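Observations on chain architecture
Listed below, chain by chain, are the residues.
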Amino acid sequence: MKNPLDTLWGTVISGLVITFVLFYIVKFAMQ
Amino acid sequence: MDFLQLGIGRWLHVVSGVMWIGLLYYFNFVQVPALAEAAKDGSGAGITKHVAPRALFWFRWGALATWVFGAIILGRHFLEAFLFMKSAYYPIGVGAWLGTIMFFNVWVLIWPNQKKILGMVQASDAEKAKSRRIAFLASRTNTMLSIPLLFFMTASGGLFRTAVWG
């Protein structure tokens, strides 16, 4: 599999996915 | 004291953060693609000689200043944030960890390898090729992490905090 960090779009999309995942983890943990 | 620590501290944290992340985006969105294009006709020497060392100077010291001012703002809540001791500090704790990982990448992975790539320290062609890949991936990792970093930083205070976390 190609490393997503080799392209700018792969990098940005990976960042958005991490943001989404961390947001829900923190939101859940704060309840 | 609050004025200095929180008012001036947060302002300087943002100013140095703009310097750091602004140059990170310059490297990833402008310089790397430009050097790839310039490699085709061998016209990239001006960038590597005159632009990259200056950009790297403000980049790495901007990173240090951002981290230090961030630590100053956290002050006596530093451990509560980093160790996730109180739920109120979870959002800024995540932001602080992301910023710390990125700060580590700048000083431990990007800068030492860039010195080899730019010829500031001796390195063989094989070492330079390896350094280029390490510095590139560390820089791309920081670009990726800057997206959640900026979310957690902006969603950790005032009206924005209430809007995001309730």
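Residues numbered from 1 in each chain as written. Chains lettered and ligands numbered in written order. Predicted model: local features only at pLDDT ≥ 70, side-chain atom pairs only at ≥ 80, totals over all residues.

Notes on helix α6 (residues 158–165) of chain B
The following threshold applies: Exposure criterion: with C-beta atoms placed from backbone coordinates, a residue whose C-beta has 20 or more other C-beta atoms within 10 Å is buried, one with 12 or fewer is exposed, and one in between is partly exposed. Strands are runs of DSSP state E lasting at least two residues, helices are runs of H or I lasting at least four, and both sets are numbered from the N terminus onward.
The buried fraction of α6 of chain B is low, at 0 of 8 residues. Phi turns positive, to about 85°, at G166 of chain B, one or two residues after α6 of chain B.

Notes on the interface of chain B and chain A
Threshold: Contact definition: two residues whose C-beta atoms, as placed from backbone geometry, lie within 7 Å.
Listed by partner, the interface residues are 17 residues for chain B and 14 residues for chain A. Elements supplying a minimum of two residues to the side of chain B that touches chain A: α1 (2–38), α4 (90–117) and α5 (125–154) of chain B. Top contributing element to the side of chain B that touches chain A by residue count: α5 of chain B, with 10 residues.

Examining the nonpolar core
Residue and element names in this part refer to chain B. Our working rule: Each nonpolar core comprises buried Ala, Val, Leu, Ile, Met, Phe, Trp, Tyr and Cys residues, the members being joined through C-beta atoms within 7 Å.
Ranked by size, the top nonpolar core spans 26 residues in total, and within it W20, L24, L98, L149 and F152 carry the most contacts. Breaking this core down by element, the ones donating at least two residues are α1, α2 (45–74), α4 and α5. Excluding residues that lie within four positions of it along the chain, L98 makes contacts with L145, P148, L149 and F152.

Examining the confidence of the model for chain B
As a reminder of what qualifies: pLDDT is a residue-level measure of predictor confidence that goes from 0 to 100.
On average, chain B scores 96 in pLDDT, and the residues at 70 or more come to 100%. Confidence estimates for the predicted assembly give a pTM of 0.95 and an ipTM of 0.97.

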